[in-house]
Amino acid sequence: MIDRQQTGNIDWILIGLLILISAIGVAFIYSSSHYLAKNYYMKQILWIVVSLVALIIFLFIDYHFLVEYSIYIYILFLIILICILFFGNFTAGAKSWIKFSFFKVQPSELMKVIIILLLARIFSGYRKKYITLKKGFLSGAIVFFPVLLTALQPDLGTALIFIPILLASLILAGINKKTFVFLLIFIILVSGLSWHFLLKDYQKDRLTTLVFPEKDPLGSGYQILQSKIAIGSGGLLGKGYKKGTQSQLRFLPARHTDFILSVIGEELGFIGVTIVLIIYFLFIYRLFQSILKSRDRTGVYIIFMVAVMISAQFFINVLMTIGLFPISGIPLPLLSYGGSSLLSNYLAISLVLNVKMRRFANI
């Protein structure tokens, strides 16, 4: 439960930045999709409300309780991911969703939050200078299974984000040369096997056309080229809200999801993108700064992994938008359209708020 003292410790600045980024997202989801039959911006508003409710509910639950029972939630979601592979329906070329009457949820997105809780449980009591090979293998195995099941859907973008979460936990725990070399070899082997047995032809094309998108301007290089055109055409001040030709005339693919930053660049120009990036940097800085407010190692691990997870999604999407990273389907956190992604990020932020507001508990 929450008492008055804990309520006074809620980070309202972090919540304000969270809602501000979400509101900017709604504005540009509307700009890039208002001419479509589906009201994507209304669905996003509904998901924001649902995510806020979930955030508030999580604040009432002590994060130690969530960490304690994370292993059981992890097993449950592993079973769900396995069932999706066998019984799920294809949506946009992947079996990633559980469909209900009026909405659908992507369990792999929620699994990222569960992984953070479980890794915090494993390492919070660890007191050695360097992590042992056994402990490193255990944490790697815990992350490996969700990565594998998510990649088999196939959803490599979501699978990729599990890796920074794992690395964040290992950095805090202290990784020695032997363990680092072992993990590096393991990652290289998994990458090689994935290239030959997991990656589809279109996914390989995205990697090979990253350097030379002009070689296939109407195929695998189309998205990168259109994104660059949209951003470049915005100039300093942009073409104006809802006046971007690349987005309004539908040349730019996935404009309300993966490439929403390109829409902002085209319509608001360099100034608009800079303002949005500054807001993001303030938000991420606030997350990392929150580590200082934790009263125990469990909280430190949770906040650091959440901050790294959101930072990784942010930087990968930005680099993807300007053609410096392969098209991977990773949305801009809190801003791109997508209910499951929004919900998972709100729940992750709620963990940060949870740690900060309970920093004086039982002291």
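Right above here is the structure, for reference.
Colleague: Would you mind showing me how to read the overall build of the chain here?
Modeller: A count of helical and extended segments in the chain gives 15 helices and two strands. Considering only contacts in the chain between residues 6 or more positions apart, those separated by 24 or more positions represent 75%. When the accessible surface of the chain is totalled, it reaches about 17100 Å², and 71% of it is carbon and sulfur.

Colleague: Whenever I open this one, the pattern of salt bridges confuses me. Can you help?
Modeller: Close approach of charged atoms allows side chains of opposite charge to pair. Overall, the coordinates contain five salt bridges when judged by the stated rule. A salt bridge links Lys356 to Asp11; the shortest N-O distance between them is 2.4 Å. Taken as a pair, Lys356 in helix H15 (residues 339–357) and Asp11 in the loop between helix H1 (4–7) and helix H2 (12–33) lie far apart in primary sequence, 345 residues in all. We note that Lys356, like Asp11, is buried. Among the ionic contacts, a cluster of salt bridges with common partners joins Asp11, Arg286 and Lys356.

Colleague: It is not clear to me how the layout of surface pockets should be interpreted in this structure. Could you clarify?
Modeller: A probe matching the size of a water molecule, rolled over the atoms, marks out where space remains unfilled. Its boundaries defined by the atoms lining it, the second largest pocket holds a volume of some 280 Å³. Every residue lining the second largest pocket is listed: Ala54, Phe58, Leu66, Ile73, Phe77, Leu110, Val113, Ile114, Leu117, Leu343 and Leu347. Within the residue set of the lining of the second largest pocket, elements represented by two or more residues are helix H3 (40–59), helix H5 (70–87), helix H6 (107–123) and H15. Here the lining of the second largest pocket is built from residues that sort into 11 nonpolar, no polar and no charged.

Colleague: How should the packing of aromatic side chains be read in this particular structure?
Modeller: A ring pair, where both rings are aromatic, is described by two values, the distance of the centres and the angle of the planes. Inspection of the entire model under this criterion finds 13 aromatic pairs. Between Tyr30 and Tyr41 the ring centres are 4.8 Å apart and the planes differ by 80°, which places this aromatic pair in the edge-to-face class. Of the two residues, Tyr30 sits in helix H2 while Tyr41 sits in helix H3, which places them 11 residues apart along the sequence. The class of Tyr30 is partly exposed, set by a relative accessible area of 28%.

Colleague: Got a minute to help me understand unusual backbone geometry in this structure?
Modeller: Residues other than glycine predominantly adopt negative phi, and peptide bonds predominantly adopt the trans conformation. Across the junction of Gln153 and Pro154, the peptide omega takes the value -5°, indicating a cis bond. Among the secondary structure elements, Pro154 is positioned in the loop between helix H7 (133–151) and helix H8 (156–173). Despite not being glycine, Leu334 shows a phi value in the positive range, around 75°. Tracing the backbone shows Leu334 in the loop between helix H14 (297–321) and H15. Taking relative accessible area as the criterion, Leu334 reaches 2% and is therefore assigned buried.

Criteria and cut-off values
- Residues numbered from 1 in each chain as written.
- Predicted model: local features only at pLDDT ≥ 70, side-chain atom pairs only at ≥ 80, totals over all residues.
- Heavy atoms only, no water.
- Helix = DSSP H or I, 4+ residues; strand = E, 2+ residues; numbered from the N terminus.
- Contact = heavy atoms within 4.5 Å.
- Areas by Shrake-Rupley, 256 points an atom, 1.4 Å probe, with all protein chains shown as cover.
- Salt bridge = Lys/Arg side-chain N within 4 Å of Asp/Glu carboxyl O.
- Buried < 20%, exposed > 50% of the residue type's maximum accessible area, 1.4 Å probe, protein only.
- 1 Å grid on protein atoms, 1.4 Å probe; cavity = no way out; pocket = protein on both sides within 12 Å on 5 of 7 lines; lining within 4 Å.
- Points joined across faces, edges and corners; volume = space filled by probe spheres on them.
- Nonpolar A, V, L, I, M, F, W, Y, C, P; charged D, E, K, R; others polar.
- Phe/Tyr/Trp six-rings, centres within 6.5 Å; stacked < 30°, edge-to-face > 60°.

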